[in-house]
Amino acid sequence: FGNSIEDRNIANIDNLNDNIEDLTKVTNFCVDANIPSIFILPGVVNPGQSRRDALKSSIESLKSLNDITAKKDIQLLVEPHVHSYLESPEITLELLDEIPGLKLALDYAHFACLGWTQDSIDILAKYSGHVHLRQAKTGFLQTKLEEGTLNFPAMFGKLKEVGYDKYVSIEYVHQGYMNTLFDDVLSETIKMRDLFN
């Protein structure tokens, strides 16, 4: 919702009515186009909020938004990410406990770059509704396949173990966000595709 991760983010409850209006239109389109899921960002720690405040406001917003998608049989997904209030597996689990049926658009890279081990991120795998693939390491949201710390065969094994049978997408980007300007996106995408296959 909006033009940046801060603009109209769902951790600011003042945005809820506008977000409900937009999500209602989007879900109508999804029904017509047979699109089974929508993912949104969880929100940020807004001025004057603590991380707990952002969690509480986001839960309130997500309950309303999840009601809209559930009535239309569309899976609502949230993507924990760097610079959101969801920067740890623990707080992500707290959010999931509060909203039955909510799933994750899970990108291990967002946690790995913040220093979380792959083993500590694995606890979120069973809540996945979509998975994003790219290599990362502490301090780097994205890096070359050979230079990162994520063990993709182990990740794929974990996803299989928890019965994940939904989408995976390769998400190498070229943008100023988190200094992701320097990898050859095409080459890294091909390497990840080949590894997955």
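The sections below set out a description of the structure shown in this document. Note that the coordinates shown come from a computational prediction; the quantities given were computed from them, not determined experimentally.

A word on the nonpolar core. The biggest cluster of nonpolar side chains holds 48 residues, and the ones touching the most others in it are Ile40, Leu62, Tyr85, Leu95, Leu102 and Phe152. The biggest single contributor to this core is helix α2 (residues 51–71), with 6 residues. When sequence neighbours within four positions are dropped, the list of residues in contact with Phe152 reads Leu133, Arg134, Gln135, Leu145, Met192 and Leu195.

Strand order in the open sheet made by the 5 strands is β1-β2-β3-β4-β5, with parallel pairing throughout. For this open sheet the edge positions go to β1 (37–40) and β5 (167–170), each flanked by a neighbour on one side alone. Strand-to-strand twist across the sheet, computed as the mean angle between neighbouring axes with direction ignored, equals 25°. Those strands touched by helix α7 (residues 185–196) are β4 (128–133) and β5, and its axis lies near 150° from that of β5.

Attention now goes to the packing of aromatic side chains. Under the counting rule described, the total for this entry stands at 2 aromatic pairs. The interplanar angle of 45° and the centroid separation of 6.0 Å between the aromatic rings of Phe152 and Phe156 together place this pair among those described as tilted. You can see Phe152 and its partner Phe156 sitting in helix α6 (residues 152–161), 4 residues apart, about one turn around the helix. Judged by relative accessible area, Phe156 falls into the buried class, the value being 17%. Each member of the aromatic cluster is reached from another via a ring pair, and the members are Phe152, Phe156 and Phe196. The lysine or arginine in question, Lys137, covers the ring of Phe140, its NZ or CZ lying 4.9 Å from the ring centre.

Criteria and cut-off values
Residues numbered from 1 in each chain as written. Predicted model: local features only at pLDDT ≥ 70, side-chain atom pairs only at ≥ 80, totals over all residues. Heavy atoms only, no water. Core = buried A, V, L, I, M, F, W, Y, C linked by side-chain atoms within 4.5 Å. Buried < 20%, exposed > 50% of the residue type's maximum accessible area, 1.4 Å probe, protein only. Helix = DSSP H or I, 4+ residues; strand = E, 2+ residues; numbered from the N terminus. Contact = heavy atoms within 4.5 Å. Pairing = 2+ DSSP bridges. Axes fitted to C-alpha atoms, helices over the stretch in contact; angles between N-to-C directions. Phe/Tyr/Trp six-rings, centres within 6.5 Å; stacked < 30°, edge-to-face > 60°. Lys NZ or Arg CZ within 6 Å of the ring centre and 35° of its normal.

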